[in-house]
Amino acid sequence: MVLAKYVRTKKSTIAPVGAEVLTVGVIGVDYGWTGWTPSPPHFCLEVLPELQAAGLVIPNEVLNDCDPGDIMYITNATALQLDTSSYVGQVCAMKNCTAFVSVGDNFYDSGVDFTTGGIQRFQEAWVDMYNEGVFETAPWYQCLGNHDVVKGQSGVDFQTKVAPIYDPRWNFGTQGLPYWTYDLTGKDWTATFVVVDSDCFLSSYQKNTSVYVNSYTEACYADRQTQIDFLANTFAESTATWKFLQLHHPYVSSATNETELAPLVEIVIQHNGIVLNGHDHCLGHYYSNNTNFILSGAAGYPQAGDCNYGTPLGPYAKFLAANPMSAANGFVTMDISNQSINVEYYVRDMSFENGDLYPVPHDLNPSYSFQITQHAT
């Protein structure tokens, strides 16, 4: 409670006010691999099964840090994060990005918490990673993903209360809560963003077999109506030109449609809003129920299956940055003005020493773009 009150007194870095056109980068999913150390193979493969067979309760973080897929990805994922952060910096220097919007999974594999190790990872994986060029002064408007809540309330508190004090570029509102709202204000337009924690809406995270079940997710799942009401009231009270729902999990996807997010999406549809999400490790654009769903989940380790290997499952899938071999790294920019939002997908050429998994001849140009002209209501 004391820390939450103190956060309210701190002044965060914010995006410039009054621009005719404001460019923001939308970035997400596991851009914080750097500094993660998985548990030793001996423990994961030999000791852990014995402990489980003996009936010992294993902490979620320990289980998560033995995930075989993530252990396999760690070396490449860290390198890809470094290359992609440099690529984002290049594009944003060219486009003059003045803010970044995060769609969660900020730190792999089990988030960060208020410990010395958590502080060190925050410094290494975010503060030091994104500190030059356009990153030096640009604010980041944050939200949580499933990997961010593995450590429970301590992990949530670090990102919502401690991190904004540690680095003023890290924005999580002034209430120290995982759901919040902010406005970007231009010369003759306003954009209202509402951030929610979509972890609180998934019943699968309440199962005792889930690494995401803990006292935090149990409490916020029971109280999820609070976030629904917060979104409804904020959108109803806003007269903004544009309205965005910013969250981690996808309602429309090529992998898993999280239909339990329907109460949130219904509010967006009522207000001609736009959805920004991550979770799927790729870039995509979906259009359903007259609503744009912008997926930006490719800042770390891309996974082609999350975008169905580039094959649309229906007419709602407008763009998927994946092929049968790989998904591509990259991010999305939005040029916001009164007349329109120009959405551009920047897809990084995935070349390496012996080949190219996702060829992009001119990757400093957008691989895909579209415009939104219908104002919010």
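Quick note: structure is the one above.
A quick note: this is a predicted structure, and the numbers were derived from the prediction, not measured.

(A) View of the sheet that holds strand S2 (residues 99-102). If you trace the seven strands from one edge of the open sheet to the other, you get S4-S3-S2-S1-S12-S13-S16, paired in mixed fashion. Where the open sheet ends on each side, the last strands, each with one partner, are strand S4 (170-171) and strand S16 (368-372).

(B) Region of the structure containing the sheet that holds strand S10 (residues 291-296). Strand order across the open sheet formed by seven strands is S5-S6-S7-S8-S10-S9-S11, with mixed pairing between neighbours. Where the open sheet ends on each side, the last strands, each with one partner, are strand S5 (180-185) and strand S11 (317-320). Averaged over all adjacent pairs, the angle separating strand axes in this sheet is 15°, with direction ignored. By the bridge criterion, three bridges tie strand S7 (residues 242-246) to strand S8 (residues 274-277) in an arrangement that is parallel. Residue pairing across strands places phenylalanine 244 opposite isoleucine 274, the latter belonging to S8. Packing of helix H8 (residues 224-237) onto the sheet brings it into contact with S5, strand S6 (190-195) and S7, and relative to S6 it is tilted by some 170°. Across the face of the sheet, helix H9 (residues 262-270) comes into contact with S7, S8 and S10 while running at roughly 125° to S10.

(C) Geometry of the state of the cysteines. Throughout the structure, instances matching the rule amount to three disulfides. At a sulfur-sulfur separation of 2.2 Å, the disulfide partner of cysteine 92 is cysteine 97. Given an S-S torsion of about -70°, the disulfide between cysteine 92 and cysteine 97 has left-handed geometry. Exposure remark for cysteine 97: the relative accessible area of 3% places this residue in the buried category. Disulfide partner of cysteine 282: cysteine 307, at an S-S distance of 2.2 Å. As the torsion about the S-S bond is roughly 90°, the cysteine 282-cysteine 307 disulfide counts as right-handed. Placement of the pair is cysteine 282 in the loop between S8 and strand S9 (283-288) and cysteine 307 in the loop between S10 and S11, with a sequence separation of 25 residues. You can call cysteine 307 buried: its relative accessible area is 0%. Of all cysteine sulfurs in the structure, the one in cysteine 200 sits closest to cysteine 143, which takes part in no disulfide; the separation is 11 Å.

Conventions used here
- Every residue gets a number counted from 1 within its own chain, in the order that chain's sequence is written.
- Side-chain atom pairs in this predicted model are given and counted only at pLDDT of 80 or more, local residue features only at pLDDT of at least 70, and totals for whole chains, interfaces and linings cover all residues.
- Note that water and hydrogens are dropped before the side-chain values are worked out from all heavy atoms of the structure.
- Paired strands are those between which DSSP finds at least two bridges.
- Secondary structure elements follow DSSP: runs of H or I of four or more residues count as helices, runs of E of two or more count as strands, with numbering from the N terminus.
- To obtain an axis, a line is fitted to C-alpha atoms, over the contacting stretch when the element is a helix, and the angle between two such axes runs from 0 to 180 degrees between their N-to-C directions.
- The contact rule is simple, with two residues in contact once any of their heavy atoms fall within 4.5 Å.
- In this description, a disulfide is simply a cysteine sulfur pair whose atoms lie within 2.5 Å.
- Classification of residues uses two cut-offs on accessible area relative to the type maximum, computed with a 1.4 Å probe and protein chains only: under 20% is buried, over 50% is exposed, and between them is partly exposed.

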